[in-house]
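Residues per chain, in single letters:
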Amino acid sequence: MKLNEKAIIYVPDGEEKEKAIARTTHLAISAHQDDIEFMAYAPTAECFGKKDKWFSGVVVTDGAGSPRSGLYADYTDEEMKAVRITEQQKAAFVGEYGFQALLGHPSSAVKNPDDKVIVEELAEIIRAAKPKYIYTHNLADKHDTHVSTVLKVIAALRTLKKEELPEKVYGCEVWRDLDWVCDEEKVFLDCGAHPNLMRCLSAVFDSQIIGGKRYDLAAEGRRLANATFSASHSCDTYSALNYAMDLTPLCDKTVDLTEYVTGYIDRFKKAVEDKLAEFLPKK
């Protein structure tokens with residue numbers, strides 16, 4: 001693969017890199033260190049301890065510019081980059097990832113619509129890994145770098161041949177949940193397996209937790225809330241749950257991205273209107 005000189009490929013179990021990448025069945029592509037663990041725990045747990053399924057991760061940005069306080073209050077951006085690389089590698093080791101790629105791009109490059117380098121690198125990785133499933137950010141996320149990252153992922157997928165494409169591409173919740181998506185369109189990602197592993201993966205990101213953001217508690221709270229509020233008239237089926245959008249149709253370059261995501265919003269609006277009309281007094 002042709003990656004930039006700052007890129008790091010980490011293989012926790014020491015397997016040869018090409019083999020480690022090629023064994024991947026489930027691939028998560030995120031903007032930042034720790035996004036993978038919050039949005040794609042379900043496939044991590046599904047692959048954990050298996051020999052026929054391998055979860056791997058790609059982080060696009062370098063981790064600079066994150067909030068910091070306490071122990072990390074006086075850390076420079078360069079020092080924070082090093083800390084966040086180490087934390088992501090710890091998560092990859094604990095979660096037994098097939099491989100962990102850290103591409104090391106600044107957020108400004110990810111948010112630049114004209115930057116083709118990241119698109120080309122992602123296409124290289126996907127082509128080499130040949131995953132059945134890809135997990136990334138959703139198009140309705142409110143974080144600029146998250147939205148920019150999923151757009152880069154889609155652009156990369158659109159450069160691939162049909163036989164190189166994954167079976168499914170999912171856009172997961174991080175900086176905005178997907179509770180508002182109509183129930184029949186939600187993709188349910190079961191996060192109930194190995195709750196001890198789930199907490200360990202979140203906990204390794206000390207620079208974010210001690211640095212002032214309790215992402216670990218917030219992510220677990222969302223999963224628990226989704227599990228209970230996913231159905232109003234039945235007992236809980238899940239103990240922990242994340243939602244995702246099905247982005248697979250966007251591999252087709254003829255499908256308009258904006259129309260695709262706003263279609264979810266339009267259908268939600270219609271569902272609310274229909275519910276109100278059902279119970280409002282008739283004129």
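Located above this text is the structure these notes cover.
This text gives an overview of the structure that appears in the document. (Residues numbered from 1 in each chain as written. Predicted model: local features only at pLDDT ≥ 70, side-chain atom pairs only at ≥ 80, totals over all residues. Heavy atoms only, no water.)

## Notes on the pairing of strand S6 (residues 168–172)
Here's step 1: Summarising burial for S6: 4 of the 5 residues are buried, a large majority.
Here's step 2: Sheet topology places strand S5 (residues 133–137) next to S6; 5 bridges connect them, and they run parallel. From the neighbouring strand, histidine 137 faces S6, where its bridge partner is cysteine 172.
Here's step 3: In this fold, the crossover linking S5 to S6 by way of helix H7 (residues 144–157) has right-handed handedness.
Here's step 4: Relative to strand S8 (residues 241–246), S6 is paired through 3 bridges, and the arrangement is antiparallel. Note on S8: the bridge partner recorded for glycine 171 is methionine 245. (Buried < 20%, exposed > 50% of the residue type's maximum accessible area, 1.4 Å probe, protein only. Helix = DSSP H or I, 4+ residues; strand = E, 2+ residues; numbered from the N terminus. Pairing = 2+ DSSP bridges. Right-handed = clockwise from strand over helix to strand, strands pointing away.)

## Thoughts on the pattern of salt bridges
Here's step 1: Within this structure, the stated rule accounts for 14 salt bridges.
Here's step 2: One salt bridge connects aspartate 246 with lysine 168, and the closest N-O pair in it is separated by 3.1 Å. Residue aspartate 246 is found in strand S8, and its partner lysine 168 is found in strand S6; the two are separated by 78 residues along the sequence.
Here's step 3: By relative accessible area, lysine 168 is classed as partly exposed at 30%.
Here's step 4: Members of the salt-bridge network, linked through shared partners, are Asp62, Glu78 and Lys81. (Salt bridge = Lys/Arg side-chain N within 4 Å of Asp/Glu carboxyl O.)

## Notes on the layout of surface pockets
Here's step 1: By volume, the largest pocket amounts to about 470 Å³.
Here's step 2: The biggest single contributor to the lining of the largest pocket is helix H10 (residues 215–229), with 5 residues.
Here's step 3: Per-class residue counts for the lining of the largest pocket are 8 nonpolar, 9 polar and 9 charged.
Here's step 4: Along the walls of the second largest pocket sit 14 residues, with Val181, Cys182, Asp183, Lys186 and Phe268 positioned nearest its centre.
Here's step 5: No other element matches helix H11 (residues 257–279), which puts 4 residues into the lining of the second largest pocket.
Here's step 6: The class makeup of the residues in the lining of the second largest pocket is 8 nonpolar, 1 polar and 5 charged. (1 Å grid on protein atoms, 1.4 Å probe; cavity = no way out; pocket = protein on both sides within 12 Å on 5 of 7 lines; lining within 4 Å. Points joined across faces, edges and corners; volume = space filled by probe spheres on them. Nonpolar A, V, L, I, M, F, W, Y, C, P; charged D, E, K, R; others polar.)

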